[in-house]
Amino acid sequence: MKIYLALTVASLKMYFRNKQALFWALFFPLLIMIIFGMMNFNKYSSPNVGIYDAANNYASQALIEALKGNSDQKLLSVSTGTLDELHHELEFGSSRAVIEIPANYGIPGEFAEIKFIYDERFQQERAVIATILEKVTDAVFKEAAQVPDEYRVENAIGISDSVITGQGQGFKAWLIPGVAAMAIMQTGLFTVVFTLVRFKSQGVLRRLKATPIGAAHFLAGQLTTKAIVVVLQTYVLVIVGAVVLGVSVGGGRLGAWFDLSILALLGGALFIAIGLAVSGWAKNEETAAPIANIITMPMMFLSGVFFPLSVMPDWLTRWSQYLPLTYLADGMRAITVEGASITTLGGELIGLGVWISISFAIAIKMFRWE
Amino acid sequence: MTTAIDPVIVAKDLRKKYEDITAVNGISFEVRRGEVFGMLGPNGAGKTTTIEILEGMRDADSGDAIINGINVKDDPIAVKAMIGVQLQQNAFFDKLKLSEIVDLYAKLYLAKVDPVEILSRVGLDNRKNAQYAELSGGQKQRLSIAVALVNDPVVLFLDEPTTGLDPQARRQLWELVRKIQADGATIVLTTHYMEEAEELCDRIAVVENGEIIALDTPDALIDQLLSTGFKPEKRVREATLDDVFLNLTGHDLRD
């Protein structure tokens, strides 16, 4: 225990005295956050709408397809799910409206009332979505009118509006936890890889091998140091990001910071383990750097850090949803902007847990003193 | 300190092969408590491998290395805990002050020491706030000796402690070695400087191709050579070029 503490304190001192590393750990993510935060991507994309299909029949599915538009003209970005999920997305800003298709839609002789719920703060999007909804339902009628009388089924459709006041804070708020997650990945992986590979090539590790300590002491000290660094870094990024971009964190819930720390620790452990595996394998800095980049670069773009996974093709998201960074970014986003708490995160925690186990198993197998 | 066992080091028929090279080919010797034992030989003779087997840094293929009664292969941790080690290539954490490095290593041995006192033993107390990278070659060697002293070792292993040092720094290191010996430690050192061996060592093992080809006191080895009728090519001079250099540049250290 004493040995472990001594190693931890020493490596913390070393880390915080390395002003350059500190600067990059904070400067780069903050720069990205602020530049991207000032851009407004929402302008150019089709509005996100959650559709709840209670009817789930041929007619309702045709309606949903029509609302999505075709490849020439994309109308709405549609997500589906349970009513609760869709309302949650609306409330916390990842979608702009919920359309509920009633169970009796498309059933002859019934009057189907389609519910249209929108966020009152986004009037422009409401107008766009409402227009699309009207046009599309009109078109459905027109198409129906061409069917010969004897085959036609009467199904009247009405649209009723209702409104909520969402708590979503838009793209800026969405971006902050993603960039913080990315920074955890970068710090965890790169500082471990570069410190250990340097220690290894300089012979610092070999000198430690001549002392009566075990590899576990040394690795535990490294792990603790980097975990502390990662949590502090997350705080700084989220606080500065929130102040500069003017968003609130976790709806002002104090426990959100605790939850965030736990996620940062898990994420830190995960990427540190990956870093240990890489530095065990790599002989020197020259081989370590490309490997670390090959691991981190794709995740930066495929894990929903800068833009949501929904804008990517389905075949890609089918894989990228299982990436380590995706679980971390999703989890941190749920806590900072979607009002979730650590106890309500299921998939993300399981995903992180599985990745942590795999990475540590590989790291232990790969570690060498010299 | 641990109970005194004499001889403090027993090496019995040590052997070590790297792929197709035999680095150590049946080396046996004993080191008595309190002596400075030198291992001499050209590069690649097997000195470092032998010393690293004794330090628990490498496993021998066969044979026994017993330090103060403990067989290294039975309990390498216990052996590491009671010896001090200066490797041929030493590197310490950057971004730490010298006093912090000494303090950290002391804690790794669970030893309580005053880092400044340890640094003053090797003449580095005035640089206690410097970082490792700022040190000169001689200072780096002295720091690595300071670090090797934190656990008050029974045996101190010095692997080529003066290689690459200028004559002033070398002489200062010799003095340090004698001082440590006077304080009661047993010292095993490797070198390929003959005058260093003659100056410091009580007994010398000459190593060649992984075997000890001669083992005795420096005087006895010279006498044996002379008794074979050997005559030095040149008449022995009263001074050496080393003395000329030191006379011209002074004995003071340049760091």
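The structure presented is a predicted model; accordingly, all values stated were derived computationally and were not measured. (Residues numbered from 1 in each chain as written. Chains lettered and ligands numbered in written order. Predicted model: local features only at pLDDT ≥ 70, side-chain atom pairs only at ≥ 80, totals over all residues. Heavy atoms only, no water.)

1. Some details on unusual backbone geometry
All names here are of chain B. Of note, D152 is a non-glycine position whose phi angle comes to about 50°, a positive value. Position of D152 relative to the elements: it lies in the loop between helix 5 (137–148) and strand 7 (155–159). Looking at D152, the relative accessible area reads 51%, which means it is exposed. With a phi close to 50°, N209 is a non-glycine residue in the positive phi region. (Helix = DSSP H or I, 4+ residues; strand = E, 2+ residues; numbered from the N terminus. Buried < 20%, exposed > 50% of the residue type's maximum accessible area, 1.4 Å probe, protein only.)

2. Quick word on the domain arrangement of chain A
Here chain A is described as being made up of domain 1 (48–164) and domain 2 (170–366). The distance between the C-alpha centroids of domain 1 of chain A and domain 2 of chain A comes to 40 Å. (Domains from an automatic or database assignment.)

3. With respect to the environment of I117 of chain A
Residue and element names in this part refer to chain A. Tracing the chain through its elements places I117 in strand 4 (residues 111–119). With a relative accessible area of 5%, I117 lands in the buried category. Along the primary structure I117 and I132 are separated by 15 residues, whereas in three dimensions their C-alpha atoms are 14 Å apart.

4. Quick notes on the packing of aromatic side chains
Inspection of the entire model under this criterion finds 10 aromatic pairs over all chains. Both rings, one in F190 of chain A and one in F194 of chain A, keep their centres 6.0 Å apart while their planes meet at 15°; by these two values the pair is stacked. With a gap of 4 residues between them, F190 of chain A and F194 of chain A both fall in helix 6 (residues 170–202), about one helical turn apart. Here the aromatic rings of F301 of chain A and F306 of chain A are separated by 6.0 Å at their centres, their planes lie at 45°, and the arrangement is tilted. Judged by relative accessible area, which is 5%, F306 of chain A ranks as buried. Here K140 of chain B stacks its cationic end above the ring of Y132 of chain B, 5.3 Å away from the centre of that ring. (Phe/Tyr/Trp six-rings, centres within 6.5 Å; stacked < 30°, edge-to-face > 60°. Lys NZ or Arg CZ within 6 Å of the ring centre and 35° of its normal.)

5. Concerning the sheet that holds strand 7 of chain B
Residues and elements named next belong to chain B. Taken together, the 6 strands give an open sheet; going across it, the order is 6-7-8-3-9-10, and neighbouring strands pair in mixed fashion. Of all the strands in the sheet, the pair left with one neighbour each is strand 6 (83–86) and strand 10 (211–216). Strand after strand, the sheet turns through a mean of 15° between neighbouring axes, direction not considered. With 5 bridges connecting them, strand 7 and strand 8 (residues 186–191) associate as parallel partners. (Pairing = 2+ DSSP bridges. Axes fitted to C-alpha atoms, helices over the stretch in contact; angles between N-to-C directions.)

6. Examining the packing of helix 1 (residues 2–17) of chain A against helix 8 (residues 215–245) of chain A
All names here are of chain A. Between helix 1 and helix 8, the least distance of the axes is 8 Å, while the angle of their chain directions is 45°. Here helix 1 is positioned oblique relative to helix 8, judged by the angle of their axes. The interaxial crossing formed by helix 1 with helix 8 has right-handed handedness. Side by side, helix 1 and helix 8 meet where I3, Y4, L7, T8, S11, L12, Y15 and F16 of the first sit next to H217, F218, A220, G221, Q222, T224, T225, K226, I228, V229 and L232 of the second. Residue composition of the contact of helix 1 with helix 8, by class: 11 nonpolar, 7 polar and 1 charged. (Parallel < 35°, antiparallel > 145°, perpendicular 65-115°, else oblique. Left-handed = near helix turned anticlockwise from the far one by under 90°. Contact = heavy atoms within 4.5 Å. Nonpolar A, V, L, I, M, F, W, Y, C, P; charged D, E, K, R; others polar.)

7. Examining helix 8 of chain A
For helix 8 of chain A, which comprises 31 residues, the first-to-last C-alpha distance of 44 Å matches the rise-based estimate of 45 Å (1.5 Å per residue) to within 8%. Remark: G246 of chain A follows helix 8 of chain A within two positions and exhibits a positive phi of approximately 65°. (Expected span 1.5 Å × (residues − 1).)

8. Comments concerning a nonpolar patch on the surface
Residue and element names in this part refer to chain A. A contiguous nonpolar surface patch, about 570 Å² in accessible area, is contributed by F23, W24, F27, F28, L31 and I35. Note that F28 resides in helix 2 (residues 19–38). Judged by its relative accessible area of 38%, F28 is partly exposed. (Patch = residues over 30% accessible without salt bridge, like charges linked within 9 Å, V, L, I, M, F, W, Y side chains within 5 Å. Areas by Shrake-Rupley, 256 points an atom, 1.4 Å probe, with all protein chains shown as cover. Salt bridge = Lys/Arg side-chain N within 4 Å of Asp/Glu carboxyl O.)

9. Section: a negative patch on the surface
All names here are of chain B. There is a patch of like negative charges on the surface, built from E195, E198, D219, D223 and D243. Elements represented by at least two residues in the negative patch include exactly helix 7 (194–200) and helix 8 (218–227). Within the secondary structure layout, E195 lies in helix 7. (Lys, Arg positive; Asp, Glu negative; His and termini not counted. Charge placed at Lys NZ, Arg CZ, Asp CG, Glu CD.)

10. Some remarks on the interface of chain A and chain B
Each side of the interface is counted separately: chain A has 23 residues, and chain B has 26 residues. With both sides pooled, the region where chain A packs onto chain B buries about 2400 Å², and carbon together with sulfur makes up 63% of that total. Summed over the three residues of chain A that lose the most area to chain B, namely R17, R207 and P212 of chain A, the buried surface amounts to 30% of that side. Taken together, the connections running from chain A to chain B amount to 4 salt bridges. One salt bridge connects R17 of chain A with E100 of chain B, and the closest N-O pair in it is separated by 2.7 Å. In this assembly, chain A and chain B are joined by 8 residue pairs in polar contact (both at pLDDT 80 or more). Put simply, the parts of the chain that give the side of chain A that touches chain B at least two residues each are helix 1, helix 6 and helix 7 (204–209) of chain A. Classifying every residue of the side of chain A that touches chain B by side-chain character gives 12 nonpolar, 4 polar and 7 charged. (Buried area = accessible area lost by both parts, 1.4 Å probe. Polar contact = N/O pair within 3.5 Å; in protein donor to acceptor, adjacent residues only side chain to side chain.)

11. Points about the pairing of strand 1 (residues 48–53) of chain A
All names here are of chain A. As paired elements, strand 1 and strand 2 (residues 77–80) share 4 bridges and run parallel to each other. The partner of N48 across the bridge, within strand 2, is S77. Relative to strand 3 (residues 97–101), strand 1 runs parallel, the two being bridged by 5 bridges. Paired with V49 across the bridge in strand 3 is A97.

12. Some thoughts on the sheet that holds strand 5 (residues 70–71) of chain B
Residues and elements named next belong to chain B. Strand order in this open sheet of 4 strands is 2-1-4-5, and the pairing throughout is antiparallel. Lying at the two open borders of the sheet, with one neighbouring strand each, are strand 2 (21–31) and strand 5. Bridging between strand 1 (residues 9–18) and strand 4 (residues 62–67) involves 5 bridges; their strand directions are antiparallel. Its bridge partner lying in strand 4, V10 is registered against I66. Helix-sheet contacts for helix 1 (residues 47–54) involve strand 1, strand 2 and strand 4, and the interaxial angle to strand 1 is about 120°.

13. A short note on helix 6 (residues 167–182) of chain B
Residues and elements named next belong to chain B. With 16 residues, helix 6 should reach 22 Å at 1.5 Å per residue; the first-to-last C-alpha distance of 23 Å fits that figure. Burial in helix 6 covers these residues: P167, Q168, A169, R170, L173, W174, L176, V177 and I180. Residues of helix 6 that are buried in the fold lie against helix 4 (115–121), helix 5, strand 7, strand 8, helix 7 and helix 9 (241–249). Following helix 6 by one or two positions, G184 has its phi on the positive side, about 110°.

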